[in-house]
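Next come the chains, spelled out residue by residue.
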Amino acid sequence: MMSGQAFLDRIKNEFGDKITGANLAAIDPWVEVAPEGLVEVCKYLRDQPDLRFNMLNCISGVDYFEPDPKKAAKLDWQPHLEVVYHLSSLPTKISLVLKVILPRWKGDRPGDLPEVPSVSGVWSTADWHEREVFDLVGVRFSGHPDLRRILCPEDWVGYPLRKDYEMPLEYHGIRGR
Amino acid sequence: MTQPWIEGRFEENVITTTVEQAINWARQSSIWPMTFGLACCAIEMMAAGASRFDMDRFGAGAFRASPRQADLMIVAGTVTYKMGSRLRRLYNQMPNPKFVIAMGACTVGGGPYFKYGYHVVKGVDLVVPVDVYVPGCPPRPEALLEGLMRIQDKIKGHKIARLAGANVGIKVDDELPVPHHSGYVEAPEEVSVYDHQKITG
């Protein structure tokens, strides 16, 4: 098995500036990928004969946002969203974490969802996972075959797992808060 | 040698009662609940229906799968906003007189999801009118049986119209049920009672 650095050099060599960063010191080392290069990176990772990442464990959406301005001033990061892909290779028994860093709103216009290309064409598991991230965190997966809410009711307003989410006052006559 | 309860005490006879008492007695002894388990409280509700606790002793063991055959809705578990509209529709489909027990913390007031949950209705009384609240997380089957007995008390307080135009078959809401038993149970000497089974107070 190759070392983390050798693997990073290899995909950097292959994809250049589509690989925007990495952290190999973390417990779960990760590689950051630009949204526009995500699908080709995923296809490469799945199809290389010595990697064969044939399983997508999960897709997570993370909202980095602190509503309290006092606490936000002390933080060492700016508000943003991350979509995290946990991959596994069953034949070679290795795992990998990919991260895509996004703005909280596309072009900083509140209400305009940030976009990531869908990887449901690479792993079909991604279909429902992406619907869940869309439903709860509010990320638009472009190219997804059927991007609807999966858990909340279809007429629900807002994305409940965003840190600045506020419950509606009323939903179909039922008090919300 | 114990005396039989009623056998051999009467000959062919006439029983005098009031229509109100007879109807209320019949109603309170055959409350058919609707199967409405939504979460973990449903396990306790099933336990209350099974042989150890045996809801059938109160005439409430016939869990119906259709709201049209049910008198009582035991809402057992977390009601989400998505479920809320279904719950209300099922309640509307039940025939009168109908009763609702809110079983468990989630149905009573949102429970652990009250503050940060985005999906749980903060109490099922925001969706349907509730007659009896049974708190607990989840409540023990005895607690559910107690709630059932309070429903029976409520039925006992029904007034059946004696005058034309009076409320016929309508729930009288200002009639509060009066607890009819002291909570004191006499245990036979030879049956050993464990500490946790002793009834205090």
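All of these numbers come straight from a predicted model, not from anything done at the bench. (Residues numbered from 1 in each chain as written. Chains lettered and ligands numbered in written order. Predicted model: local features only at pLDDT ≥ 70, side-chain atom pairs only at ≥ 80, totals over all residues. Heavy atoms only, no water.)

Participant: In this structure, what is going on with the interface of chain B and chain A? I would like to understand it.
Facilitator: Note on interface size: it is often stated as the accessible area lost on association of the parts. Each side of the interface is counted separately: chain B has 10 residues, and chain A has 15 residues. Ranking the residues of chain B by area buried against chain A places Y81, K82 and Y118 of chain B at the top, with a combined share of 65%. Taken together, chain B and chain A are joined by 0 salt bridges. The interface formed by chain B and chain A includes 1 residue pair in polar contact (both at pLDDT 80 or more). (Contact = heavy atoms within 4.5 Å. Buried area = accessible area lost by both parts, 1.4 Å probe. Salt bridge = Lys/Arg side-chain N within 4 Å of Asp/Glu carboxyl O. Polar contact = N/O pair within 3.5 Å; in protein donor to acceptor, adjacent residues only side chain to side chain.)

Participant: Just to check I follow, could you spell out the pattern of salt bridges for this structure?
Facilitator: A side chain with one charge may pair with a side chain of the opposite charge, provided their charged atoms come close. Residue and element names in this part refer to chain A. Under the defined criterion, the tally for this structure stands at 14 salt bridges over all chains. R104 is the partner of D63 in a salt bridge, and the nearest nitrogen-oxygen pair spans 2.8 Å. On the criterion of sequence distance, the pair formed by D63 in strand β3 (residues 55-64) and R104 in the loop between β5 (94-102) and β6 (115-117) is long-range, its members being 41 residues apart. The burial state of D63 is the same as that of R104; both residues are buried. Each of D63, R104 and D164 takes part in one network of salt bridges that share partners. (Helix = DSSP H or I, 4+ residues; strand = E, 2+ residues; numbered from the N terminus. Buried < 20%, exposed > 50% of the residue type's maximum accessible area, 1.4 Å probe, protein only.)

Participant: Before we go on, may I ask you to explain the packing of helix α1 (residues 19-28) of chain B against helix α5 (residues 141-156) of chain B in this structure?
Facilitator: The geometry of a pair of packed helices is captured by two quantities: the angle between their axes and the separation between those axes. All names here are of chain B. In contact at an axis separation of 9 Å, α1 and α5 are set at 160 degrees when each is read in the N-to-C sense. Here α1 lies roughly antiparallel to α5, going by the angle between them. You can see that α1 and α5 cross each other, and the crossing is right-handed. Contacts between α1 and α5 involve N24, R27 and Q28 from the former and Q152, I155 and K156 from the latter. Grouping the constituent residues of the contact of α1 with α5 by class yields 1 nonpolar, 3 polar and 2 charged. (Axes fitted to C-alpha atoms, helices over the stretch in contact; angles between N-to-C directions. Parallel < 35°, antiparallel > 145°, perpendicular 65-115°, else oblique. Left-handed = near helix turned anticlockwise from the far one by under 90°. Nonpolar A, V, L, I, M, F, W, Y, C, P; charged D, E, K, R; others polar.)

Everything listed is a geometric property; what it means functionally is a separate question.
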